[in-house]
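Here is what each chain is made of, one letter per residue.
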Amino acid sequence: MIEAIVLDWAGTTIDYGSRAPIIAFKNAFAHFFIDLSEDTIRQDVGLDKLTHVRKMLQEPEISNSWIANHPDTPLEKAAAEIYAQFQIEINKVLAETAQLKPGMTDLIKFANAHHIQLATTTGYTQAMLDQVLPLAAEQGYKPAYNITSEQTNHVGRPKPDMVELAMKKMNITDPSHVIKVGDTVNDILEGKNAGTISIGVVDGGNLIGLSEEEFSQLDIEHRDRYHTIAAATLKEAGADEIINNIGDLIPLIESIEDQQHDMPLLLTPGPLTTSKTVKETMLVDHGTWDDDYKELTQWVRHELVTIGNATEKDYTAVLMQGSGSFGVEAAIGTAVPKTNATLLIAANGAYGERMIEIADYLAIPHVVLQVPEDQTVTLAAVEEALAAHPEVTHFAVVHCETTTGILNPIETIIPTLADKGIITLVDAMSSFGGVPIDLEKLRVDYLVTSSNKCVQGVPGFSIVLAKKHTLQATEGNARSLALDLYAQYQTFENQAGKWRFTSPTHVVYAFAEALRELEQEGGVTARTHRYNNNETLLRKGMQELGYELVIDESVQSPIITSFKFPTADFNFRAFYEYLKNRGFIIYPGKVSKCDSFRIGNIGEISADDISRLLDLIKTYTAEELQLQVQK
Ligand SMILES: *Cc1c(COP(=O)(O)O)cnc(C)c1O
């Protein structure tokens, strides 16, 4: 729980670019005929101002200049004189630069709404602070406590005394419940030394040092370069997190609170970890008959076709209540006519097996191409099966077989079968949205996915992306009333987005938000990139720790990775509990012929999360080995 935020003033909350002290120092030294460069001044910003003057006077060039210009005044007295002048100069510029930085108003609102106390520490003197406080208050910023080093026996940054005094006044004892935010290295050190979460702000901070106007006039590459350098400097000083805008503190606090509330990360292939904003969508109730909801449904259907790189001229998205298997069963049960049709099912894992079970249940004539779980279904094998079974009219295969994480080469198999006039069905449940899929290039007839996989929504409905021409010829095929894909499609089309039976409204709203967030991330390309990064990091890291892979790296998907048990008597339950207690839920294995476990890479998961997981597994593995040695 975050109880308080301790904020710096110039460059962090007011005075974009931290211009006031710079201008005042420059003018104060100029008053004594000494020309100071901005770089010289910026090196030690964040210190208390008298210390800062003394520090600058130690530079040979500056001390020589003083001696040359003021032979009658000894260097020891110079600091006091320049400091006095600085106070005159700063008073002139403070008023102009006391504007709240962008994002501050939102942060203040957020803190008030969440009962998070605000306090400040500063390199300002008390006199300067007294001038700034009413100007900030006019803009709605009234921190409960404002500490200068005059209140801590002149012990300022990077020592923790000012933060500690603020905490004492706020009645807070645990520094891990406090966030210290600032824009300089001394700010970061102050936070670290006090034991708080220490966060660096980059935009409008001292390390960039440009006014808002100057900064906005830079091209994007320059701005990036400034960001990168400033962020690296603060990170090197030990910052726990870096934010650009001070307003970015809001989502950061939310995510810290989530972690502290023991909200575990699901490293499982759906349900998976969704964003807070996706979850929040579900706090509102909606009726199924509502026009807005029907329009939203139509928009979702449209977006899904677009993500499949197709248009609604040829393809349509039919949503079906229930989990992913409901979509597979609806598609199989509706696609295959009741007479003169045979389905070929290629199976190299549990989800291929499930399609066989569905065909059994629905009494659909079918033949099976059985492939070992650690090998892909190849075009050659499919063609061989077709040659042996000329009666086959329909074909079904899984894209990413979540059993192992293996990726079957649908881009070679499906177009070839389309050429032969065979109707194709792909279970792309765990890959759609996370791996690029081009429906029109594949010419696939049915492709099934669900709300709780790579689009990163919550469980509640499945999705069948169907070639319109094929689907339109399936009236009367269905073996089930509720799972009649054709009837479902007709209702969406004829009633402007109305679902056939009661639909999971909350889930649909959450899914729409997830679609918008997929777009914001940069679409499927960006998402694949992130998943790939996660997977590579995980796989390499685990291999370094001695864990072996179940399938070959060349056929590994970015979705989920399977690892063999490291030893014959490996206690998966204990391993699972250890990770669960530390915030990660992993997945048991499903491979039939070897003992394994799985770790998913999909969902709202970053490389940072994977690194934290690997650290835990490293510790666990070392302890486990230790125990075995003792045995
Ligand atoms: C998740 C998944 C399914 C659907 O499983 P449900 O439990 O019904 O949601 C089907 N196929 C694959 C490959 C999957 O990963």
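A brief structural summary. (Residues numbered from 1 in each chain as written. Predicted model: local features only at pLDDT ≥ 70, side-chain atom pairs only at ≥ 80, totals over all residues. Heavy atoms only, no water.)

## Quick word on the sheet that holds strand S20 (residues 596–600)
The sheet built from 3 strands is open, its strands ordered S17-S20-S19 with antiparallel pairing. Taken across any chain shown, the strands that pair with only one partner, and hence form the sheet edges, are strand S17 (560–564) and strand S19 (587–588). Pairing of S17 with S20 involves 5 bridges; the strand directions are antiparallel. Considered in S20, the bridge of Phe-563 is made with Phe-597. (Pairing = 2+ DSSP bridges. Helix = DSSP H or I, 4+ residues; strand = E, 2+ residues; numbered from the N terminus.)

## With respect to the site of the ligand
The ligand sits among Ser-323, Gly-324, Ser-325, Tyr-351, Arg-354, Val-398, Cys-400, Thr-402, Asp-427, Met-429, Ser-430 and Lys-453. The contact in question runs from an oxygen atom of the ligand to an N or O atom on the side chain of Arg-354, over 3.4 Å. Contributing elements (two or more residues each) for the shell around the ligand: helix H15 (324–335) and helix H16 (350–361). Residue classes in the shell around the ligand are distributed as 4 nonpolar, 5 polar and 3 charged. (Near = heavy atom within 4 Å. Polar contact = N/O pair within 3.5 Å; in protein donor to acceptor, adjacent residues only side chain to side chain. Nonpolar A, V, L, I, M, F, W, Y, C, P; charged D, E, K, R; others polar.)

## Section: the sheet that holds strand S4 (residues 178–182)
The sheet built from 6 strands is open, its strands ordered S3-S2-S1-S4-S5-S6 with parallel pairing. In the strand order of this sheet, the two ends are held by strand S3 (145–147) and strand S6 (241–243), each with one partner. If you compare each strand with its neighbour and ignore which way they point, the axes differ by 25° on average. Bridge count for strand S1 (residues 4–7) against S4 is 4 bridges, and the pairing is parallel. For Ala-4, the partnering residue across the bridge sits in S4 and is Val-178. Contacts from helix H8 (residues 161–170) reach S1, strand S2 (117–121), S3 and S4, with the element oriented near 160° to S3. Sheet strands touched by helix H9 (residues 185–194): S2, S4 and strand S5 (197–201). Its angle to S5, the strand with the most contacts, is close to 170°. (Axes fitted to C-alpha atoms, helices over the stretch in contact; angles between N-to-C directions. Contact = heavy atoms within 4.5 Å.)

## Notes on H9
Looking only at H9, the buried set comprises Asn-186, Asp-187, Ile-188, Glu-190, Gly-191 and Ala-194. Turning to H9, the residues buried within the fold contact S2, H8, S4, S5 and helix H11 (220–236). Where H9 ends, the next residue or the one after it, Gly-195, has phi of about 85°, a positive value. (Buried < 20%, exposed > 50% of the residue type's maximum accessible area, 1.4 Å probe, protein only.)

## Observations concerning the pattern of salt bridges
Throughout the structure, instances matching the rule amount to 26 salt bridges. For Asp-44, the salt bridge goes to Lys-55, with nearest N and O atoms at 3.1 Å. One end of the pair, Asp-44, is in the loop between helix H2 (38–42) and helix H3 (49–57); the other, Lys-55, is in helix H3, with 11 residues separating them in the sequence. Among the charged side chains, a salt-bridge network with shared partners connects Asp-8, Arg-157, Lys-180, Asp-187 and Glu-190. (Salt bridge = Lys/Arg side-chain N within 4 Å of Asp/Glu carboxyl O.)

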